[in-house]
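Geometric and topological summary
These are the residues of each chain, in order.
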Amino acid sequence: MTPPTPSGSDPKKKSAKAAKKPTDKKPADKKATGKKAATKTVTEAVTEAVTKSVAKKDTADKDTAKPGKVTATVPVSPPDVPAEDRDRLLAGTHHAPHSVLGAHPVPGGVAFRVFRPYALSVTVVADTLRAELQDDGGGFFTGLLPLSEVPAYRLLVAYEGAVQDTEDMYSFLPALGDLDLHLLGEGRHEELWTALGAQPMTHRGVTGTRFTVWAPNARGVRVAGTFNFWDPSAFAMRSLGSTGVWELFVPGVGEGELYKFEITRPDGSKTLRADPMARRTEVPPATSSIVHASHHEWHDEEWLANRAAGAPAHEAPFSVYEIHLPSWRPGLTYRQLAEQLPAYVKDMGFTHVELMPVAEHPFGGSWGYQVTGFYAPTARLGTPDDFKYLVDALHQAGIGVLMDWVPAHFPRDDWALAEFDGRTLYEHEDPLRAAHPDWGTLEFDYGRREVRNFLVANAVYWCEEFHIDGLRVDAVASMLYLDYSREPGQWVPNAHGGRENLDAVDFLQEMNATVYRRVPGVVTIAEESTAWDGVTRATHHMGPGGFGGLGFGLKWNMGWMHDSLDYMAHEPVHRRYHHHEMTFSMVYAYSENYVLPISHDEVVHGKRSLVSKMPGDWWQQRANLRAYLAFMWAHPGKQLLFMGQEFAQGAEWSEAHGPDWWLLDPAYGAEADHRGVRDLVRDLNVVYRHTPALWQRDADPSGFQWIVGDAAEDNVIAFLRYDADGSPLLAVSNLSPVARPGYRLGAPDDVPAWLESLNTDTAKYGGGDITNPDVLKPDPQAWHGRPASIQLTLPPLATVWLRPA
């Protein structure tokens, strides 16, 4: 370590004095230092340290240590450190410090050069040999020993009141292999987190941490941290050729140490940056990176095996509970969440949770969508292993874990990625392409292979290291279009004169292809709000526009979401004029593999909660909500519902306090109203899971048939869903506030009888309990273009599901 210099001291003067008269050093004054008075001179302390070090080596296999013989050698002064190298080391601009510092064969022996500011003396110890180096001033210590080759050696570095026994960090060859460097240079390192960042390891038998960082424009890089009291002067990193990667193995540094990289920019100025590859960070607003190694032992082998062998997401039950972890139950850590969240989600019957971004972000109000630590789970709730514990617990409860992933942009914080090494690096060099017009952030340069590698490997990282089952990719539309939110003159067409961002297309295709190849059973989901062709088409299948598919597994159906919510917001008397808003989605329902999302974006910023969007009095609002949810669960596509909406929370969501759980307190007068909606959501999920017709053929047009889609005057919608064996489910929604007894619907003539499997007007859900308790048998009367029909009672503002009896 390099202890801090005591206040008022001059390290250069002390160093010179110790070098000239080492035996005249007086014991430290207890009153002056505030510590116990020293009883040894610096030379005596060093000698004792050498003796202990030698004794330790001599008695490695013995029970009792006996001091070995110490041979003192007076080194011959080697040539001084060249002035240029000296200046560059002092300035932090040396690209090859290992070529100067450390031990090097030279004519006449081996030259030792050490740079340790604030040190009083430096002694080389090799077996029984010790040699105190000459103090050259400015923190440089040198010596020439008459040796035929470089020995295995250690350094004893004496400071005021302390002696550090350490390996020389400049005696090590690079701890990064040639294959790693090749893959880094090609932008094809799919396990990038194993090559860059801070990696605790044993290198040449010595434990320590390898620090690596990509900074191709830097004039020099040094590492600062708690292990060197945030003084990076003596910790210069070396540049590894044309890769732009800088590396330094620091002996003795282990897990838990804080660090950053001090980068000298091309203009000579310096910036202190968090590690882009940090796997753990401080709790915001602190910004340091933390050396980390995982020790979590997974217990989800059965889940992963079933996931890999199971059906793809678009052919499987898939109902998602979207969660903002910090506010689901405010104040809970990852491990505390693991005790509550899996039980709740399992009880509610959801197949998956989707976590709003968990990667580290400086501003909690961004909900995680402005990421600075792409490889680190937010430290607000615990450590990376704590987050793994939560994922593990969810898997053991049979719940899949999806995660929002944000490769579209990053914030401008001057300690993070923005102009990381003094020039545009992660962002595009063209200012028109770099600045995101909506969020004040910066867009990634998807055309740069190292940046693309950073993001592709990041997607793999979350799936492999944290066992994440799927990535919902945020803001895909903003990535795909060069003119996204830009006026004419604010964007430049691509090479073909079009508005498509060809680099982003290539990136998304590579990301999806890589993730699906490496991680069996995962799914990627695009939040894409336009009609881009082939979002969920395979990357090697060309579309009419000349592009291969983007390769996603699923896509959010933003059109369905907007249309259906607009319809439900109308008073029922006006809904007849907007009937198409509930039926138009079936025109394009099979153009992609869709998710139907009622996400956090729909219940914030003045949009009101889901139940508050509904018209009418409190009873009608809840009835509308129940009918809408059952319509959504029956519609082709997967389901996603944001937390709080499952129990009809009336207030908008706020990250400051989370869902209003008090609404479910039995002491609250209207608790039964909210519990009824929650019970419905639970039953929707239970019936859904056990009814393959509702999910097995979501992406197959033959799995859907209209019964009646044009009953606008009645506000009635009815359709059939079929599973792979042809077994149907009949879903009927009456979105008017009047009951319709004896309502006739066309029906298949090969189903002898029907039975209600779910009715949103049931009393236990808070409805009027208008149901069809008896078996419904078809009449031979043709109706709605079918040879048979049934008559049933449609409750007001309700959805009814019927199954073959």
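Above this note sits the structure.
Computed from a predicted model, the values in this text were never measured in an experiment. (Residues numbered from 1 in each chain as written. Predicted model: local features only at pLDDT ≥ 70, side-chain atom pairs only at ≥ 80, totals over all residues. Heavy atoms only, no water.)

1. Points about the overall build of the chain
Along its length, the chain carries 19 helices and 36 strands. Along the longest, intermediate and shortest principal axes, the C-alpha atoms of the chain span 115 × 65 × 45 Å. A burial count over the chain gives 58% of its 805 residues as buried. A fraction of 71% describes how many contacts in the chain between residues 6 or more apart in sequence connect residues 24 or more apart. When the accessible surface of the chain is split by element, carbon and sulfur atoms take 52% of a total near 31600 Å². Averaging the coordinates of the 76 positive side-chain charges in the chain and doing the same for the 103 negative ones gives two points 9 Å apart. (Helix = DSSP H or I, 4+ residues; strand = E, 2+ residues; numbered from the N terminus. Buried < 20%, exposed > 50% of the residue type's maximum accessible area, 1.4 Å probe, protein only. Contact = heavy atoms within 4.5 Å. Areas by Shrake-Rupley, 256 points an atom, 1.4 Å probe, with all protein chains shown as cover. Lys, Arg positive; Asp, Glu negative; His and termini not counted. Charge placed at Lys NZ, Arg CZ, Asp CG, Glu CD.)

2. Quick notes on the packing of helix 8 (residues 334-348) against helix 9 (residues 384-396)
Running from N to C, helix 8 and helix 9 point in directions that differ by 10°, and their axes come no closer than 8 Å. By the angle between their axes, helix 8 is roughly parallel relative to helix 9. Listed contacts from helix 9 to Tyr-334, Arg-335, Leu-337, Ala-338, Glu-339, Leu-341 and Pro-342 of helix 8 are Asp-385, Asp-386, Phe-387, Tyr-389, Leu-390, Ala-393 and Leu-394. Tallied by class, the residues present in the contact of helix 8 with helix 9 amount to 10 nonpolar, no polar and four charged. (Axes fitted to C-alpha atoms, helices over the stretch in contact; angles between N-to-C directions. Parallel < 35°, antiparallel > 145°, perpendicular 65-115°, else oblique. Nonpolar A, V, L, I, M, F, W, Y, C, P; charged D, E, K, R; others polar.)

3. Some thoughts on the environment of Phe-719
Within the secondary structure, Phe-719 sits in strand 31 (residues 716-722). Sequence separation of Phe-719 and Gly-546 is 173 residues, and the distance between their C-alpha atoms is 36 Å. The contacts of Phe-719, once residues within four sequence positions are left out, are Phe-631, Ala-634, His-635, Phe-704, Gln-705, Trp-706, Ile-707, Leu-729, Leu-730 and Ala-731.

4. What about the pairing of strand 6 (residues 134-137)?
In this sheet, strand 7 (residues 140-145) lies alongside strand 6 in antiparallel orientation, the contact comprising three bridges. Counted as the bridge partner of Gly-137 is Phe-140 from strand 7. Between strand 6 and the antiparallel strand that follows it, strand 7, lie two residues; Gly-138 among them carries a positive phi value of about 70°. (Pairing = 2+ DSSP bridges.)

5. Focus: the packing of helix 18 (residues 618-634) against helix 19 (residues 671-689)
The interhelical angle for the contact between helix 18 and helix 19, taken along N-to-C directions, is 10°, at an axis separation of 11 Å. Here helix 18 lies roughly parallel to helix 19, going by the angle between them. Here Trp-618, Arg-622, Leu-625, Arg-626, Leu-629, Ala-630 and Trp-633 of helix 18 lie close against helix 19, whose contacting residues are Asp-673, His-674, Val-677, Leu-680, Val-681, Leu-684, Asn-685 and Tyr-688. Broken down by class, the residue content of the contact of helix 18 with helix 19 amounts to 10 nonpolar, two polar and three charged.

6. Thoughts on the pattern of salt bridges
In the structure shown here, the tally under the stated rule is 35 salt bridges. Note that Glu-528 is salt-bridged to Lys-555, the shortest N-O span being 2.9 Å. Placement of the pair is Glu-528 in the loop between strand 26 (523-526) and strand 27 (554-556) and Lys-555 in strand 27, with a sequence separation of 27 residues. The buried category is assigned to Glu-528, whose relative accessible area is 0%. The buried category is assigned to Lys-555, whose relative accessible area is 4%. Between Glu-713 and Arg-576 there is a salt bridge, with its nearest N and O atoms 3.1 Å apart. Here Glu-713 is found in the loop between strand 30 (704-711) and strand 31, whereas its partner Arg-576 is found in the loop between helix 15 (572-575) and helix 16 (580-583), with 137 residues between them in sequence. Residue Arg-576 is classed as partly exposed on the basis of its relative accessible area, which comes to 32%. (Salt bridge = Lys/Arg side-chain N within 4 Å of Asp/Glu carboxyl O.)

7. Notes on the side chain of Asp-761
As for its position among the elements, Asp-761 is in the loop between strand 34 (754-759) and strand 35 (788-794). One buried charge, Asp-761, has no salt-bridge partner; the nearest side chain with opposite charge is Arg-626, at 4.4 Å. Here Ile-770 takes part through its backbone nitrogen, which lies 2.9 Å from a polar atom of the side chain of Asp-761. Ignoring any residue separated from it by four or fewer positions in sequence, one finds Asp-761 in contact with Trp-619, Arg-626, Gly-767, Gly-768, Asp-769, Ile-770, Pro-795, Pro-796 and Ala-798. (Polar contact = N/O pair within 3.5 Å; in protein donor to acceptor, adjacent residues only side chain to side chain.)

8. So, the environment of Ala-96
On the secondary structure map, Ala-96 appears in the loop between helix 4 (83-91) and strand 2 (102-106). Sequence separation between Ala-96 and Met-542 is 446 residues; the distance between their C-alpha atoms is 48 Å.

On their own, these measurements won't tell you what the molecule is for.
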